[in-house]
Amino acid sequence: MGICISSASSEIHQAEDEHENGVYLGENIAFNGVDGLGSLYSKEGSKKLNQDAAILHQGYGEEDGAFCGVFDGHGKNGHIVSKIVRNMLPSLLLSQKNALAKTKIIADGNTQKIEDGLFPSKNFHLWNEACISAFKAMDKEVKLQESLDFSCSGTTAVVVVRQGEDLVIANLGDSRAILGTIKDNGIMAVQLTNDLKPSVPSEAARIRKCNGRVLALKEEPHIQRVWLPHEDLPGLAMSRAFGDFLLKTHGIIALPEISYHRLTSDDQFIVLASDGVWDVLSNNEVASIVWAADSETAAAKAVVEAATATWKTKYPFSKVDDCTAVCLFLHKKQRRHAGSEDFIY
């Protein structure tokens, strides 16, 4: 079932059938085309339960702002964690940033008004602090859901906030964000995030320092996983995540890796996707698919359909992973209706 949030009225509208609000629910597909500058699309893999969640919130923070997020759940209750984070993180982040913007305590103990418009120094500093605080608070909120067991369940989070010509990127885990930019009259992908996996030396070092173990199974030697000190559990294939509380004392953290990008006229679009997409498609392949899409509303679906088709040819004997993509275009490709809408599913 799809949900549409109108940013103009802050009302939440829930689709009651497969055609309302541009939502299509097929046997394995949940689709939301965003009537504006973007789209999002998710397709269930072979595991019978789609654990991905995503959001594209236009008009976030300021009139031309946006919040994009992809959350890839894992473990028994991962589908619940990903949706909790999707529903709560945008407001947590904005409230943290707004609180920091009002007053900032400086080193000498005085209170100073922080003026906007000084990216990346002051404003980026605010967003950086807000991301750290919001992600920490978000992890606590997940832990407070006492009726559910999240000891071995969690979710990744890749988030891009656009404020005018500024991008703030925050990442946990191995979902990924790229930027499509013009180069030599063609489109080129610029990776905005690092895949935070146990195979990254600095990530493995932190985990081992906390007595966690990092090693691969014999049947999948290419995938490094995180294990408890003295038990072959749980085998987490990422090094940062919300949830996964059994491993939080053994090096798994909910501290995001945060970066900043100033947009130029060559930058055309942003793509966020779960690792089901990146496992089979390169950054430039995804950028090319988005660039060739008939419209903004078709772009995310084109990426996901290409990924699932490639899974079946590249790994014919493996289960297809859930695949989710969010596409935010930075310039209009075609004429659109006036108005701003936010879509989540």
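Computed from a prediction, not measured in an experiment: that's the story for all the values here.

(A) Quick peek at the confidence of the model for the protein chain. Overall, the predicted model of the protein chain reaches an average pLDDT of 85, with 80% of residues at or above 70. Here residues 1-35 is modelled with pLDDT under 50, and outside its nearest four sequence neighbours on either side it reaches 86 contacts, counting other chains as well. Within the model, pLDDT remains below 50 along residues 106-112, and this stretch shows nine contacts once partners closer than five positions in the same chain are excluded.

(B) Seen up close, the packing of helix α5 (residues 283-292) against helix α6 (residues 296-314). At a closest axis distance of 8 Å, the pairing of α5 and α6 adopts a crossing angle of 135 degrees. Comparing their axes, α6 and α5 come out oblique. For the element pair α5 and α6, the recorded crossing hand is right-handed. Contacts from Val286, Ile289 and Val290 in α5 reach Ala299, Ala302, Val303 and Ala306 in α6. Considered class by class, the residues forming the contact of α5 with α6 number seven nonpolar, no polar and no charged.

(C) Molecular detail of helix α3 (residues 201-209). Within the sequence span of α3, burial applies to Glu203, Ala204, Arg206 and Ile207. Buried residues along α3 cover an arc of 160 degrees about the axis, so they all sit on one side. Opposite its buried face, α3 presents the exposed residues Pro201 and Lys209, each directed more than 90 degrees away. The positive-phi residue at the C-terminal boundary of α3 is Asn211, with phi of around 70 degrees.

(D) Spatial organisation of the pairing of strand β13 (residues 176-183). Most of β13 sits out of view: six of its eight residues are buried. As paired elements, β13 and strand β20 (residues 267-273) share six bridges and run antiparallel to each other. Note that in β20 the partner of Gly180 across the bridge is Phe269. Relative to strand β14 (residues 186-191), β13 runs antiparallel, the two being bridged by six bridges. By the bridge assignment for β14, Leu179 is matched with Val190. What sits between β13 and β14 in their antiparallel hairpin is a turn of two residues, with Asp184 showing a positive phi close to 55 degrees.

(E) Quick peek at the sheet that holds strand β15 (residues 213-216). One open sheet holds the three strands; their spatial order is β15-β16-β17, and the pairing between them is antiparallel. The open sheet has two edge strands, β15 and β17 (234-236), and neither has a second partner. The average undirected angle you get between the axes of adjacent strands in this sheet is 40 degrees. Judged from the two bridges that link them, strand β16 (residues 224-227) and β17 form a sheet pairing that is antiparallel. Bridging across to β17, Val226 finds its partner in Leu236.

Reading guide: rules and limits
- Residues numbered from 1 in each chain as written.
- Predicted model: local features only at pLDDT ≥ 70, side-chain atom pairs only at ≥ 80, totals over all residues.
- Heavy atoms only, no water.
- pLDDT = per-residue confidence, 0-100.
- Contact = heavy atoms within 4.5 Å.
- Axes fitted to C-alpha atoms, helices over the stretch in contact; angles between N-to-C directions.
- Helix = DSSP H or I, 4+ residues; strand = E, 2+ residues; numbered from the N terminus.
- Parallel < 35°, antiparallel > 145°, perpendicular 65-115°, else oblique.
- Left-handed = near helix turned anticlockwise from the far one by under 90°.
- Nonpolar A, V, L, I, M, F, W, Y, C, P; charged D, E, K, R; others polar.
- Buried < 20%, exposed > 50% of the residue type's maximum accessible area, 1.4 Å probe, protein only.
- Arc of directions from axis to C-beta.
- Pairing = 2+ DSSP bridges.

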